[in-house]
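Chain by chain, the residues run as shown.
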Amino acid sequence: MIERRHEEGGLRSRALYSPCGRYRYGLERLWREAPGPLLLWVMLNPARADERRNDPTIERCQRRALAMGFGGMRIANIFAFRAPTPVGLRRAADPVGPENDALLLRWHAEAGMTLAGWGVHGAHWGRGAEIAARLTGEVHVLGLTRDGHPRHPLYVAYSQKPRLWQRGEPGPG
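Residues numbered from 1 in each chain as written. Predicted model: local features only at pLDDT ≥ 70, side-chain atom pairs only at ≥ 80, totals over all residues. Heavy atoms only, no water.

**Student:** I tried to follow the overall build of the protein chain on my own but got confused; where do I start?
**Tutor:** Broken down by element type, the protein chain carries four helices and eight strands. Taken from N to C terminus, the helices and strands of the protein chain fall in the order β-β-β-β-α-β-α-α-β-α-β-β. The globule rule puts the C-alpha radius of gyration for 173 residues at 16 Å, and the 15 Å found for the protein chain is close to it. Referenced to the eigenvectors of the C-alpha coordinate spread, the extents of the protein chain come out at roughly 45 × 35 × 25 Å. Counting over 173 residues, the protein chain shows a buried share of 52%. Once local pairs closer than 6 in sequence are excluded, the contacts in the protein chain between residues at least 24 apart make up 69%. With an accessible surface of roughly 8400 Å², the protein chain has 51% of that area assigned to carbon and sulfur atoms. Once the 26 positive and 17 negative side-chain charges of the protein chain are each reduced to a mean point, those two points are 5 Å apart. (Helix = DSSP H or I, 4+ residues; strand = E, 2+ residues; numbered from the N terminus. Rg over C-alpha atoms; globule rule 2.2 N^0.38 Å. Buried < 20%, exposed > 50% of the residue type's maximum accessible area, 1.4 Å probe, protein only. Contact = heavy atoms within 4.5 Å. Areas by Shrake-Rupley, 256 points an atom, 1.4 Å probe, with all protein chains shown as cover. Lys, Arg positive; Asp, Glu negative; His and termini not counted. Charge placed at Lys NZ, Arg CZ, Asp CG, Glu CD.)

**Student:** What's the story with the side chain of Asn-45 in this structure? I'm lost.
**Tutor:** Here Asn-45 is to be found in the loop between strand E4 (39-43) and helix H1 (56-67). Of the residues examined, Asn-45 reaches a relative accessible area of 14% and is grouped as buried. Polar contacts involving the side chain of Asn-45 include one to the main-chain carbonyl oxygen of Phe-81, which spans 3.1 Å. In this structure Asn-45 touches Asn-77, Phe-79, Phe-81, Arg-82, Ala-83 and Leu-89, once residues within four positions along its chain are discounted. (Polar contact = N/O pair within 3.5 Å; in protein donor to acceptor, adjacent residues only side chain to side chain.)

**Student:** Explain the pattern of salt bridges here, please?
**Tutor:** Applying the stated rule across the entire model yields 12 salt bridges. The partner of Arg-63 in a salt bridge is Glu-59, and the shortest N-O contact between them spans 3.3 Å. Within this pair, Arg-63 and its partner Glu-59 are both found in helix H1, separated by four residues, close to a single helical turn. Owing to a relative accessible area of 48%, Arg-63 belongs among the partly exposed residues under this scheme. (Salt bridge = Lys/Arg side-chain N within 4 Å of Asp/Glu carboxyl O.)

**Student:** For this particular structure, what's the right way to read H1?
**Tutor:** Because the α-helix completes a turn every 3.6 residues, residues three or four places apart line up on one side. In a regular helix each residue adds 1.5 Å, so 12 residues correspond to 16 Å; H1 covers 17 Å between its end C-alpha atoms and thus fits that length. For H1, the full list of buried residues reads Thr-57, Ile-58, Arg-60, Cys-61, Gln-62, Arg-64 and Ala-65. On its buried face, H1 is in contact with strand E2 (11-17), strand E3 (24-30), E4 and strand E5 (72-77). Within two residues after H1, Gly-69 carries a phi angle of roughly 90°, on the positive side. (Expected span 1.5 Å × (residues − 1).)

**Student:** Honestly, the nonpolar core in this entry has me stumped. Any pointers?
**Tutor:** Nonpolar side chains in soluble globular proteins tend to end up buried together. Counting 27 residues, the largest nonpolar core has Ile-78, Trp-118 and Trp-165 as the members making the most contacts within it. Only E4, helix H3 (100-110) and helix H4 (127-134) provide two or more residues apiece to this core. Within the second largest apolar cluster, 18 residues are counted, among which are Tyr-17, Ile-58, Ala-65 and Met-73. (Core = buried A, V, L, I, M, F, W, Y, C linked by side-chain atoms within 4.5 Å.)

Okay, structure coming up:
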């Protein structure tokens with residue numbers, strides 16, 4: 001795994017990539033010197049965010065983590081293939097990546113809270129259900145889609161608070 005770091009304005013960032021650069025396995029943002037427990041977001045796949053900059057999703061995740069009192073956050077995904085859209089993800093021959101699951105599960109075990117948010121595209125390859133079954137202990141969501149997938153944080157109001165996910169529960173409607 002290739003690790004790249006960046007620090008600016010008190011924000012320390014780290015991103016973990018495959019040697020070929022097609023996969024981003026993890027992204028970390030720390031805004032306190034001793035951040036304490038970290039919030040882990042488990043989402044669909046990495047888009048454009050890296051160790052230097054946020055994309056709209058990571059910006060929203062960071063704002064929410066700050067508002068919840070965490071001193072840092074980590075981002076892992078059910079697919080590690082870097083694509084700006086779900087269409088690009090679907091075209092990948094191996095969208096998961098060889099080192100993805102090990103990092104995701106390790107970061108989940110270390111997290112102060114895990115918040116799932118991969119949305120409806122988690123149905124691709126059955127990955128959402130597979131990862132949901134492998135995440136032991138408590139997992140939180142910001143709500144569920146009609147089909148029972150954890151709602152993506154980009155489309156959820158900041159006023160919506162995380163709640164414990166009873167995996168297998170039906171979505172609304």
